[in-house]
Amino acid sequence: MSGMRSFLIAGNWKMNGDSGHIRELATGISSGHEPVEGVDVLVCPPFPYIASVAGLLAGSGIAVGAQTVSENGNGAFTGDVSATMLKDIGAAFVIVGHSERRTLNGETDTQVAAKFVAAQAEGIVPVLCVGETLEEREAGATEAVIGRQLAAVLDAAGIGAFKKAVIAYEPVWAIGTGKTATPEQAQDVHRHIRGLLAAEDEQVAGGVQILYGGSMKGENAAGLLGMSDIDGGLIGGASLKVDDFLAIVRAGAAVRK
Ligand code: PGA
């Protein structure tokens, strides 16, 4: 089944960089990138830099996305950014429900689902993050947590919405910790996620890209990307250095060959 799906290698730059660093990163990635069929590349800069990165990457084949979006349309929501605005400045994707936003900004499953819907209403592809904490894993609750996070979006958007969405499985204990899930640990959860979707619609489930995120780097990417239900990566730390990020892209290209 994995032969049908392209890889998506996505950089989540989080709240890092300044104009100079971001320009270097974007131009470095675009000049070092050798496009390979079946391997798509995405970078998600902080809001203030999305438009300039979209300009720098125009024609490179590398997509640009945002790290979150308001669930509301334009209006009196001080400090927020709408999907309409993101589309206007060239964002094709948006991460929703990243664990840092669930934890630090108190985003609920329902709110994340509303963000997913708001993005799709503008034709922006949501990258829906799901994942369990260490306590939840140790309590044997991984599948229950992911089931709950996914159900909120299925309830709000329906299975058909996953034809134009990406899922990222990001075990919270692996994010920024240097502790990566083993390929088998990740594959187990990815298979479970695909199974939950397949119970609703097998064809949609077979087409949806499920990325792994959490301390992915050049050295562990090939093992993870070699698993049948892992269709790419959502990369934080290693996406902030041109060579580290491109090493993951190349690992994807090697697996796809
Ligand atoms: P990390 O972050 O690669 O630094 O672990 C991944 C993420 O939070 O998306």
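## A short note on the sheet that holds strand β1 (residues 7–12)
Then, number 1: The 8 strands are arranged β1-β2-β3-β4-β5-β6-β7-β8 in a closed barrel whose pairing can be described as parallel. Neighbour-to-neighbour, the strand axes of the sheet open up by a mean angle of 25 degrees, direction not taken into account.
Then, number 2: Where strand β4 (residues 93–96) lies against strand β5 (residues 125–130), 4 bridges are found, and the strand directions are parallel. Paired with valine 94 across the bridge in β5 is proline 126.

## A look at the environment of threonine 103
Then, number 1: Along the polypeptide, threonine 103 turns up in helix α4 (residues 99–104).
Then, number 2: From its side chain, threonine 103 meets the backbone oxygen of serine 99 in a polar contact 2.8 Å long.

## Overview of the site of the ligand
Then, number 1: Surveying the vicinity of the ligand reveals 13 residues, the closest of which are Lys14, His98, Glu170, Gly176 and Ser215.
Then, number 2: A distance of 3.4 Å separates an oxygen atom of the ligand from a polar atom in the side chain of asparagine 12.
Then, number 3: Within the contact set of the ligand, an oxygen atom lies 2.7 Å away from a backbone nitrogen or oxygen of serine 215.
Then, number 4: Calculation on the ligand without its partners gives an accessible area of 280 Å², and the protein chains cover 95% of this total.
Then, number 5: Taking a 2 Å distance to the grid points as the criterion, the majority of the atoms of the ligand fall inside the second largest pocket.

## Quick notes on the packing of helix α10 (residues 218–225) against helix α11 (residues 242–256)
Then, number 1: The geometry of α10 relative to α11 is characterised by a closest axis approach of 8 Å and an angle of 30 degrees between their N-to-C directions. Classified by the angle between their axes, α10 and α11 sit roughly parallel to one another. Between α10 and α11 the crossing geometry is right-handed. Counted together, Gly218, Ala221, Ala222 and Leu225 of α10 and Ala247, Ile248, Ala251, Gly252 and Val255 of α11 form the full contact between these two elements.
Then, number 2: Grouping the constituent residues of the contact of α10 with α11 by class yields 7 nonpolar, 2 polar and no charged.

## Description of the state of the cysteines
Then, number 1: Throughout the structure, instances matching the rule amount to 0 disulfides.
Then, number 2: Cysteine 44 takes part in no disulfide bond, and the closest cysteine sulfur, belonging to cysteine 129, lies 9.3 Å away.
Then, number 3: Under the relative-accessibility criterion, cysteine 44 is labelled buried at 0%.
Then, number 4: Of the residues examined, cysteine 129 reaches a relative accessible area of 2% and is grouped as buried.

About the criteria used
Residues numbered from 1 in each chain as written. Predicted model: local features only at pLDDT ≥ 70, side-chain atom pairs only at ≥ 80, totals over all residues. Heavy atoms only, no water. Pairing = 2+ DSSP bridges. Helix = DSSP H or I, 4+ residues; strand = E, 2+ residues; numbered from the N terminus. Axes fitted to C-alpha atoms, helices over the stretch in contact; angles between N-to-C directions. Polar contact = N/O pair within 3.5 Å; in protein donor to acceptor, adjacent residues only side chain to side chain. Near = heavy atom within 4 Å. Areas by Shrake-Rupley, 256 points an atom, 1.4 Å probe, with all protein chains shown as cover. 1 Å grid on protein atoms, 1.4 Å probe; cavity = no way out; pocket = protein on both sides within 12 Å on 5 of 7 lines; lining within 4 Å. Sits in = over half its atoms within 2 Å of the grid points. Parallel < 35°, antiparallel > 145°, perpendicular 65-115°, else oblique. Left-handed = near helix turned anticlockwise from the far one by under 90°. Contact = heavy atoms within 4.5 Å. Nonpolar A, V, L, I, M, F, W, Y, C, P; charged D, E, K, R; others polar. Disulfide = S-S within 2.5 Å. Buried < 20%, exposed > 50% of the residue type's maximum accessible area, 1.4 Å probe, protein only.

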